[in-house]
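The chain contents come next:
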Amino acid sequence: MSLNLLSQQPDSIVTRAEAIAAVHTLIRWAGDDPNREGLRDTPARVAAAYEEFFSGYRESPEVVLATGFEDVAGYRGMVLVKSIRLQSHCEHHIVPILGTAHVAYLPGGRLVGISKIARLVDILGRRLQTQETLTAQIAAALTSALKPRGTAVWIEASHQCMTTRGIRMPGVSTVTSQFTGAFETDASLKTEFLAAIR
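As the structure is a prediction and not an experimental result, all values here were calculated from the model.

The rules we used
Residues numbered from 1 in each chain as written. Predicted model: local features only at pLDDT ≥ 70, side-chain atom pairs only at ≥ 80, totals over all residues. Heavy atoms only, no water. Salt bridge = Lys/Arg side-chain N within 4 Å of Asp/Glu carboxyl O. Buried < 20%, exposed > 50% of the residue type's maximum accessible area, 1.4 Å probe, protein only. Axes fitted to C-alpha atoms, helices over the stretch in contact; angles between N-to-C directions. Helix = DSSP H or I, 4+ residues; strand = E, 2+ residues; numbered from the N terminus. Parallel < 35°, antiparallel > 145°, perpendicular 65-115°, else oblique. Left-handed = near helix turned anticlockwise from the far one by under 90°. Contact = heavy atoms within 4.5 Å. Nonpolar A, V, L, I, M, F, W, Y, C, P; charged D, E, K, R; others polar.

Enumeration over the complete set of coordinates arrives at six salt bridges. For the salt bridge of R36 with D32, the shortest nitrogen-to-oxygen distance reads 2.9 Å. We classify R36 as partly exposed; its relative accessible area is 38%. Among the salt bridges present, the one from D41 reaches R45, with a minimum N-O distance of 3.9 Å. Here the residues in one salt-bridge network are E59, R119, D122 and R126, joined through shared partners.

Structure below.
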């Protein structure tokens, strides 16, 4: 599964001016005057914010994970990067998903710098997502790039589409996990991972 969307852009790219006009229309639709003083610059600010929120569409997990190293003195234990800050947006309502990701893998020979794992979570998070899909994508990207003996991904997040609208249930979090390879088949390894992230 390729997660590089750089080559999968829509047929017609939307211009910044079109994005600003769309926000202008949404403000009018919400019931306010986009030309009043406090809102005059808001459409441009929203467009700039969207460029930041969804910068993951302009970055490639494959490129980030391409640079690694193999000289690790025979290390074969778990590599765990925990408490990675997760910021994403729900693909159903385009409101924030905020939480924490814990990502581990068992080297199969090749390793990457630990910052690359956090970068992977950030890139995939900065796309319209469901938490379930994001969890699977992180595991798939690591598996594809590193050919590890196993991966483990655990995400706990709060969905603003549930806490600020609809059922309006603050304080609720969602947990998703994906285990592959040895993490899926070796109960003691899975237990070690779960103990380490708690």
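Now, onward.
Next up on the list: the packing of helix α4 (residues 114–125) against helix α5 (residues 131–146). Packing of α4 against α5 brings their axes to within 10 Å, and their N-to-C directions diverge by 135 degrees. Here α4 lies oblique to α5, going by the angle between them. For the crossing formed where α4 meets α5, the hand is right-handed. Judged by residue contacts, I117, L120, V121, L124 and G125 of α4 engage L134, Q137, I138, A141 and L142 from α5. Partitioned by chemical class, the residues of the contact of α4 with α5 number eight nonpolar, two polar and no charged.

Looking now at the packing of helix α1 (residues 16–30) against helix α2 (residues 42–53). Put simply, α1 and α2 touch, their axes get as near as 8 Å, and they point 120 degrees apart. Relative to α2, the element α1 is oriented oblique. The crossing of α1 and α2 is right-handed. Contacts between α1 and α2 involve R16, A19, I20, V23, H24 and I27 from the first element and T42, P43, A44, V46, A47, A48 and E51 from the second.

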